Amino acid sequence: MANFGKGQRKKMLELIGYDFFQRALVAVVLTGICCGLVGVWILLMKISFITVAISHAALAGGLLALVWHRPVVPVAMIFSVVTAGLLAPLSERGRLHPESSIGVMFATALGVVFLVMGVVPEARTQGLSLLWGSLLTVEKMDLFVLAGTTLVTAGLVLACFKEIQAVIFSRELARASGIAAGVFFFLILFLSGAVVTACLKSIGGLLVFSLILNPAAAAYQITYNLKKMYALSCLLAILSGVAGLVIASLANWPAGACVVLVSSFIFFVALAVCPKKRRGKNYVGEKGLF
C-alpha cells in the first residue's frame, strides 16, 4: 500500500509538470466558476431541462461544424444562442409553456444530432469527443473561450445582482418593479448557452448538464443566502472538476465522467447532512434567500 501511494504521488507530480495537465487544471477551475453561477440560475428558476436542450443544440452545431470542416466552438455557439433566442420569445409571449417550448427545441436538436451521425458516418468518431468531452486535450484557444465566458458571466452577476435576483424570484414582479425582466431572462438563457458551448470540448455535451446542476443543487441544500449559494456552487463545481481530473488521471478513466460522478457524490453528501433537511423549510419565501 505504501509503495502504491508513493507511485500515485509520483505519477501526479509528473503529470503536473506537463502542459496538457496544467491546461486541464485551468479548464476545470474556469468551468467550475461559470457552471456554478449558471447552475444557481437554472436551479432556482426551475428550468433545469433547459441545459439539456441547449447542450444538444450546441452538440448539433458542433457535429455540423465537423461535417462542414468549420471551427467547432463558433458554430456550436451560434446554435446554442439561436436556441436560447427562440426559447425566450416563446416563453415571454405565452404561446407555449416554458417546459413545452424547451421540449420542442430539445427534440429538434436531438433530431439534428442523430441525423448527422446517421447520414455522415465519418462524423461519428469525432462526434464522440463532443459527447463525452476530453479535458486532457484542451487547447489554449479553448481556455480563452472559457475565460471569456467566465468573465462575462461573473461580471453580470456582480453588476446586476439585484436585478437577476428579482427575475429569478418572479419575472412578473420584477417587470412590475420596472426591471427589464425580458432582457435579463434572455441574458440568463444566452449565458447558459454560452457556458454549455464553452464546456463542450472539455466536459462534453451529454455531461455538462450534470456539472451545471449538481453543484448548485448541493449548495441549495446548505444555504438560503443567494450570495453564499453562488460561492458554494462555484467552489463545489471546482472541487468536482479537480477531484474528477485527478481520479481520471490516476485510474486512466474518462475525465468528464469522473468529474460528473464526483459532483453527484458531493450532492448526495450535502443532501444527507444538510441543515435544511432537519429544519424542514422550503425554498419559496425564505427571507434568507430573497
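On a predicted model such as this, the values are computed, not experimentally measured, just so you know.

Caption draft 1: Structural detail: the packing of helix H12 (residues 226-251) against helix H13 (residues 255-273). Taken N-terminus to C-terminus, the directions of H12 and H13 make an angle of 130 degrees; their axes are 7 Å apart at the nearest point. Accordingly, the angle class assigned to the pair H12 and H13 is oblique. The interaxial crossing formed by H12 with H13 has right-handed handedness. Contacts between H12 and H13 involve Leu-236, Leu-239, Ser-240, Gly-241, Ala-243, Gly-244, Leu-245, Ile-247 and Ala-248 from the first element and Ala-255, Cys-258, Val-259, Val-262, Ser-263 and Ile-266 from the second.

Caption draft 2: Local environment of the state of the cysteines. Counted under the stated rule, the structure contains zero disulfides. Free of any disulfide, Cys-199 has its nearest cysteine sulfur in Cys-35, 3.7 Å distant.

Caption draft 3: Molecular detail of the packing of aromatic side chains. Going through the model one piece at a time under the given rule, you end up with four aromatic pairs. Seen in terms of ring centroids, Phe-161 and Tyr-230 are 6.1 Å apart; in terms of plane orientation they differ by 65 degrees. Their pairing is edge-to-face. Of the two residues, Phe-161 sits in helix H8 (residues 161-169) while Tyr-230 sits in helix H12, which places them 69 residues apart along the sequence. Neither Phe-161 nor Tyr-230 differs from the other in exposure class; each is buried. Seen from the ring of Phe-185, Arg-171 lies directly overhead, with NZ or CZ sitting 3.9 Å from the centre. When the ring centre of Phe-161 is taken as origin, the NZ or CZ atom of Lys-227, which lies over that ring, is 5.5 Å away.

Caption draft 4: Spatial organisation of the nonpolar core. Judged by nonpolar contacts, the single largest core of 92 residues is most densely connected at Trp-41, Ile-50, Leu-135, Ile-164, Cys-199 and Tyr-230. Ranked by residues supplied to this core, first place goes to helix H2 (residues 19-44) with 14 residues. Those residues in contact with Tyr-230, other than ones at most four positions away along the chain, are Leu-37, Val-40, Trp-41, Val-157, Phe-161, Ile-164 and Ile-168.

Caption draft 5: Focus on the pattern of salt bridges. As enumerated under the stated definition, the model contains one salt bridge in all. Measuring nitrogen to oxygen at the nearest pair gives 3.6 Å for the salt bridge that ties Lys-201 to Asp-142. Pair noted here: Lys-201 is in the loop between helix H10 (181-198) and helix H11 (208-222) and Asp-142 is in helix H7 (residues 140-159), with a separation of 59 residues, a long-range link. Taking the relative accessible area as the measure of exposure, Lys-201 reaches 32% and is therefore partly exposed.

Caption draft 6: Quick peek at the environment of Val-67. Note on placement: Val-67 falls in helix H3 (residues 49-68). Val-67 gets classed as partly exposed once you look at its relative accessible area, which sits at 27%. Residues Val-67 and Val-116, spaced 49 residues apart in sequence, show a C-alpha to C-alpha distance of 8.2 Å.

So, how was this worked out
Residues numbered from 1 in each chain as written. Predicted model: local features only at pLDDT ≥ 70, side-chain atom pairs only at ≥ 80, totals over all residues. Heavy atoms only, no water. Axes fitted to C-alpha atoms, helices over the stretch in contact; angles between N-to-C directions. Helix = DSSP H or I, 4+ residues; strand = E, 2+ residues; numbered from the N terminus. Parallel < 35°, antiparallel > 145°, perpendicular 65-115°, else oblique. Left-handed = near helix turned anticlockwise from the far one by under 90°. Contact = heavy atoms within 4.5 Å. Disulfide = S-S within 2.5 Å. Phe/Tyr/Trp six-rings, centres within 6.5 Å; stacked < 30°, edge-to-face > 60°. Buried < 20%, exposed > 50% of the residue type's maximum accessible area, 1.4 Å probe, protein only. Lys NZ or Arg CZ within 6 Å of the ring centre and 35° of its normal. Core = buried A, V, L, I, M, F, W, Y, C linked by side-chain atoms within 4.5 Å. Salt bridge = Lys/Arg side-chain N within 4 Å of Asp/Glu carboxyl O.

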